[in-house]
Amino acid sequence: MTRMLAGSLVLALTLTPVAAQAPAGKEELKLKLPKPMFIGTPTNLKSANLEVVTGKSRGAFYVPKGTVLLSTKKKVTSSDAAPVIGELDMITDGEKSGGDGYFVELGPGPQWVQIDLGASHPLSAILVWHYHSQARIYKDVIVQVSDDPAFKTGVTSVFNNDHDNSAKIAKGADKEYIEVAEGKLLDPKGAKGRYVRLYSNGNTTNDLNHYVEVEVYGLPK
C-alpha cells in the first residue's frame, strides 16, 4: 500500500506542470489586452514574406525588473498632421479596442507616427496595434528608436519587414504578420532613445495606414 501511494505521488509530481522561471534579473511583462474582434485563423491573406501563422497566442515575455509603461499620454506627431479619422493623441490614450471611434487613419502611401517619451530610456518592449477589427497585413512596418527627433543620427531599427525596400528607408529581414487583438510585441533589446517612430505603407485591404494604440515599455530614469 505504501509503495502504491509513493508511486502515485511520484506520478502526480511528474504530471504537474512546472511554472516557467523568469531569467535572472527579469520579470514577466504583464499586459492588458483587448477582446478579439474576429475568431479563427485567417487563411485568405497571402504574402511572399508572411510569418508562419500558428493560431496560438504568444508565450510569456520577460523584461528587466523595474520596467514600466512609458508612453501613456505622451505626445504623438506624424507625417500626416491631419488624420483622415481620429486624433493622434488616441495612439497613446490607453484604449486598445479596435472598433469604430478607437483608431487613427492616416493618408495613403508611406506614413509614420512618432512618440516623444519626454526623456531617453533603455527600452524593454514595444507593443503595436494597427487596425485589428479585421484580419489585415500592414506593409513596410518599420519601428525605430532615436534621441534625434528628426531621425537623422543615432537611429536603432527595432523591426523592419520592408523586404524589398519599397518604402525607401532600408531593406528589412523581418516577416510580415496578420493583425490580431494581442498586438505585435517587439523586443528593442535595451535600445536607448527618447523618440519611437513607426512606419507603415498601406495594408492588404486598402492603401491607408491605421493605429489603435502603441505601448512603449522601458526603465525609468
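All figures in this text were calculated on a predicted structure; none of them were measured in a lab. (Residues numbered from 1 in each chain as written. Predicted model: local features only at pLDDT ≥ 70, side-chain atom pairs only at ≥ 80, totals over all residues. Heavy atoms only, no water.)

Where do I start with the nonpolar core in this structure?
Soluble globular proteins tend to bury their nonpolar side chains together. Ranked by size, the top nonpolar core spans 37 residues in total, and within it I126, V196 and V214 carry the most contacts. Those elements that provide at least two residues to this core are β5 (104-106), β6 (111-129), β7 (142-146), β8 (156-160), β9 (184-186), β10 (192-200) and β12 (213-218). Ranked by the residues each element gives to this core, the list is headed by β6, at nine residues. For V214, the contacting residues outside a window of four places in its chain are S71, I91, T92, I115, I126, L127, V128 and L198. Counting residues in hydrophobic clusters, the runner-up holds five residues, among them L50, A135, I137 and I178. (Core = buried A, V, L, I, M, F, W, Y, C linked by side-chain atoms within 4.5 Å. Buried < 20%, exposed > 50% of the residue type's maximum accessible area, 1.4 Å probe, protein only. Helix = DSSP H or I, 4+ residues; strand = E, 2+ residues; numbered from the N terminus. Contact = heavy atoms within 4.5 Å.)

Please explain the side chain of H210 as it appears in this structure.
For H210, the location among the structural elements is in strand β11 (residues 209-211). Within the structure, H210 has its side chain in polar contact with the side chain of E105 (distance 2.8 Å). A distance of 2.8 Å separates polar atoms of two side chains, one belonging to H210 and the other to Y138. Leaving out residues up to four positions away in the same chain, H210 has contacts with F103, V104, E105, H130, Y131, R136, Y138 and N203. (Polar contact = N/O pair within 3.5 Å; in protein donor to acceptor, adjacent residues only side chain to side chain.)

Sorry, what's going on with the environment of G86 here?
When you line up the elements, G86 lands in the loop between β4 (75-78) and β5. Note on G86: relative accessible area 26%, which makes it partly exposed. The sequence separation of G86 and D100 amounts to 14 residues, and the corresponding C-alpha distance is 9.8 Å.

Sorry, what's going on with the confidence of the model for the protein here?
The predicted coordinates of low-pLDDT regions are not to be read in fine detail. Per-chain confidence: the protein averages 90 in pLDDT, with 89% of residues scoring 70 or above. For residues 1-18, every residue scores under 50 in pLDDT, and the model assigns this stretch zero contacts once sequence neighbours within four places are set aside. (pLDDT = per-residue confidence, 0-100.)

So what exactly am I meant to see when it comes to the pattern of salt bridges here?
Once their charged atoms are close, side chains differing in charge can pair, the charge on each being opposite to the other. In the structure shown here, the tally under the stated rule is seven salt bridges. The partner of K30 in a salt bridge is E28, and the shortest N-O contact between them spans 3.5 Å. Residue K30 is classed as exposed on the basis of its relative accessible area of 65%. Accessibility expressed as a relative area gives 35% for E28, which makes it partly exposed. (Salt bridge = Lys/Arg side-chain N within 4 Å of Asp/Glu carboxyl O.)

Just checking my understanding: could you explain the environment of G107 for this structure?
Residue placement: G107 occurs in the loop between β5 and β6. Overall, the relative accessible area of 6% leaves G107 in the buried class. Distance from G107 to A82, taken between C-alpha atoms, is 8.8 Å for residues 25 residues apart in sequence.

What should I look at first to understand the packing of aromatic side chains in this one?
Each pair of aromatic rings is reported with the distance of its centres and the angle of its planes. What the rule picks out here adds up to two aromatic pairs. Centre to centre, the rings of F103 and Y131 are 5.0 Å apart; their planes meet at 80 degrees, and the pair counts as edge-to-face. Placement of F103 in the loop between β4 and β5 and of Y131 in the loop between β6 and β7 is noted, with a sequence separation of 28 residues between them. Just above the ring of Y177 sits the side chain of K184; from NZ or CZ to the centre is 4.8 Å. (Phe/Tyr/Trp six-rings, centres within 6.5 Å; stacked < 30°, edge-to-face > 60°. Lys NZ or Arg CZ within 6 Å of the ring centre and 35° of its normal.)

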